Amino acid sequence: MRLDEHTRADFPILERIVNGHRLIYLDSAASSQKPRTVIEAMSQYYARSHANVHRSIHTLGEEATELYEAARERVQRFIGAASREEVVFTHGTTDGIDLLAGALGRTLRAGDEILITDMEHHSNIIPWQMAARDRGVAIRSVPLRPDGTLDLDAFERLLGPRTRIVAFTHVSNVLGTINPVARLAARARQAGAVVVVDGAQAAPHLPLNMSALDCDYYVFSSHKMLGPTGIGVLWGRRALLEALEPARGGSEMIKEVWIDHARWNDLPWRFEPGTPPIAEAVGLMAAIEYLEKLGMDRVAEHERALARQAVEQLAAIPGVTVFGPPATVERGAVVAFSVEGLHPHDIAALLDQEGIAVRAGHHCAQPLMRWCGVVGTARASFSVYSSPEDVSLLSHAVGALRSQL
Amino acid sequence: MTNRDANPSAGFAGAIDPGGGLAGGRRGPLQYSDVIRERWRRPRFRGDLAGANKVAEDVNPLCGDRVRVMVRVADGTVAAARFTGDSCAICTASADVLAELAEGRPVREAAGLDSEDVLGILQADIRPTRMRCVTLPITVMRQALTT
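Once that is clear, we can look at the overall build of chain B. Scanning chain B for helices and strands turns up five helices and three strands. Secondary structure elements in chain B, listed N-terminal to C-terminal, are α-β-β-β-α-α-α-α. The buried share of chain B, taken over its 147 residues, is 37%. Nonlocal contacts in chain B, meaning residues at least 24 apart in sequence, comprise 61% of its contacts between residues at least 6 apart.

All names here are of chain B. For the pair helix H2 (residues 89–102) and helix H4 (residues 115–122), the least separation of the axes is 10 Å and the interaxial angle reads 110°. In terms of their interaxial angle, H2 and H4 are classed as roughly perpendicular. Judged by residue contacts, Ala93, Ser94, Val97, Leu98 and Leu101 of H2 engage Asp117, Val118, Ile121 and Leu122 from H4. Residues of the contact of H2 with H4, tallied by class, amount to seven nonpolar, one polar and one charged.

With that out of the way, let us pick up the pairing of strand E11 (residues 254–257) of chain A. Residues and elements named next belong to chain A. Across three bridges, E11 lies against strand E12 (residues 262–264) in antiparallel orientation. Counted as the bridge partner of valine 257 is alanine 262 from E12. Counting the residues between successive antiparallel strands, the hairpin from E11 to E12 contains four residues.

Before going further, it helps to examine the domain arrangement of chain A. Residue and element names in this part refer to chain A. We note that the domain assignment places domain 1 (3–30 + 296–403) and domain 2 (40–292) within chain A. The interface of domain 1 with domain 2 comprises 26 residues on the first partner and 25 residues on the second. For the side of domain 1 that touches domain 2, the per-class residue count stands at 16 nonpolar, five polar and five charged.

Residue and element names in this part refer to chain A. Here four strands make up an open sheet; going across it, the order is E13-E14-E17-E16 and the pairing antiparallel. Because the sheet does not close on itself, it has two edges, and the strands there are strand E13 (320–322) and strand E16 (359–361). For this sheet, the mean angle separating the axes of adjacent strands, direction not counted, is 30°. Examined bridge by bridge, E16 and strand E17 (residues 377–381) share three bridges and lie antiparallel to one another. Of the residues in E17, the one forming a bridge with glycine 361 is threonine 377. With respect to the sheet, helix H12 (residues 344–352) is in contact with strand E14 (334–339), E16 and E17, its orientation differing from that of E16 by roughly 155°.

Conventions used here
- Throughout this description, residue numbers start from 1 for each chain and increase along the sequence as written.
- Each chain gets a letter, beginning with A, and each ligand a number, beginning with 1, in the order they are written.
- Thresholds applied to this predicted model are a pLDDT of at least 70 for local features of residues and 80 or more for the giving and counting of side-chain atom pairs; totals over whole chains, interfaces and linings are not thresholded and use all residues.
- Only runs of H or I of at least four residues qualify as helices and only runs of E of at least two qualify as strands under DSSP, and these elements are numbered from the N terminus.
- Partly exposed residues are those whose C-beta has more than 12 but fewer than 20 other C-beta atoms within 10 Å; 20 or more makes a residue buried and 12 or fewer makes it exposed, with C-beta atoms placed from the backbone.
- Throughout, a pair of residues is in contact if the C-beta atoms placed from their backbones lie within 7 Å.
- Axis angles are defined between N-to-C directions and span 0 to 180 degrees, where every axis is a line fitted to C-alpha atoms and, for a helix, only to the segment in contact.
- Just so you know how the angles are binned, under 35 degrees is roughly parallel, over 145 roughly antiparallel, 65 to 115 roughly perpendicular, and the rest oblique.
- Following the grouping adopted for this structure description, the nonpolar residues are Ala, Val, Leu, Ile, Met, Phe, Trp, Tyr, Cys and Pro, the charged ones are Asp, Glu, Lys and Arg, and the polar ones are all others, Gly among them.
- At least two DSSP bridges between two strands are required for those strands to pair.
- Where each domain begins and ends follows an automated or database-derived domain assignment.

Okay, here's the thing in structure tokens:
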């Protein structure tokens, strides 16, 4: 049985009728839909077990703490992390990068360099700009080759003795390009830099193993991988996290407090000030359980086939340009495209009239849009419930667009 | 209608509306009215303006759309108005209608044109998410005329 035939009934929102049509949800890269098990796990948690975690010495507090820490262990296994101390809960990918930029930023000095790439999401640009600002730190960026992959020769040239941080995305949220994380990370570490990887578009779609990727920090969001909004994960090498001075303070992250100083808590709580997103952790745990039952290899294979089909069908339509690597190259579960003479927002609005939800605009990647030579694009993206019929309906609707406006 | 069209009452929360959502039930192309289509296909006021003495430009942060408004003011009146830019059908139509409305008006009156004036002509059911497409040319025009 095809994966979507197996999963479709688990997602209640897919029963929605939009503008008189059955919903075809092709915006999972922005945020995926949630299976019933995730929705129920969270409402069960609120209905039965909710209390604050860690210091509540009563039954509910203990249950909540147990669930929250169980979620952490589930994440640890899912990403192949060496220990639960390496798994820090954040509020999402942006928050995780921002946390790192704040903490690592303090260690930067005038003349240091941060190396990013031209295909980054604004979330992996702006925090670094803010860390660099007022410190005399320069930001450099790896250009792309015409096929939408990173220019690895340029990467080598740009990587120098002043490079302190190398931050790049695992999978491009526009082009679908899959970057060779382990290779880039090994080179960056040889050069003495710390490696931060944005895994927002990889964690929902690819089997992950932190020791195989061999980077220093890896961040991702729950809401793109069938889990709830409001929670994400920052994985870091234990030795690095131990040495990293937290840049955000508050309760939970301390062991002892005096009026003028404090002692930090152990890992991972040192980086989790305030009451954490507990119900969201429970939801994320249910999402991971769901994905693991399907098997991430199978998920990756399903979505790869959909991306290939979309690239082939869309590129065959007159006036349609597909961005990113060709269909023959392994790519992520997103396909960005434009239609000659139509603005991306009009494409999305017209498709919405057919019940088809796609993203349109700059996808929070304006430097990449400039590289593409456009203001924005439309983008279809896939998840475990997306089907070949969804892709065919999209292609059919896109083919009819130009006559509609 | 295609064969995937399902029974409209089969929505997740059918009690709210037939589409099962807060605003999802309505259908029809009213967001793209005939006026919008016509102005998008054949804008009348698009292009550079020779002798423009009031110019402004801005972007819509949501989509990156960029609109430039050029006005020639003579004797306190908008003698001519034109626009250029990368913009969607709704934004283009809004800019085109706005330029037409502005021409011949005293500067103060032209600067006071607002979305109601433009929507009155567009005759379209613009969704809240697209209202910025309508208002961008209006704020740029105001900027041009008041600075």
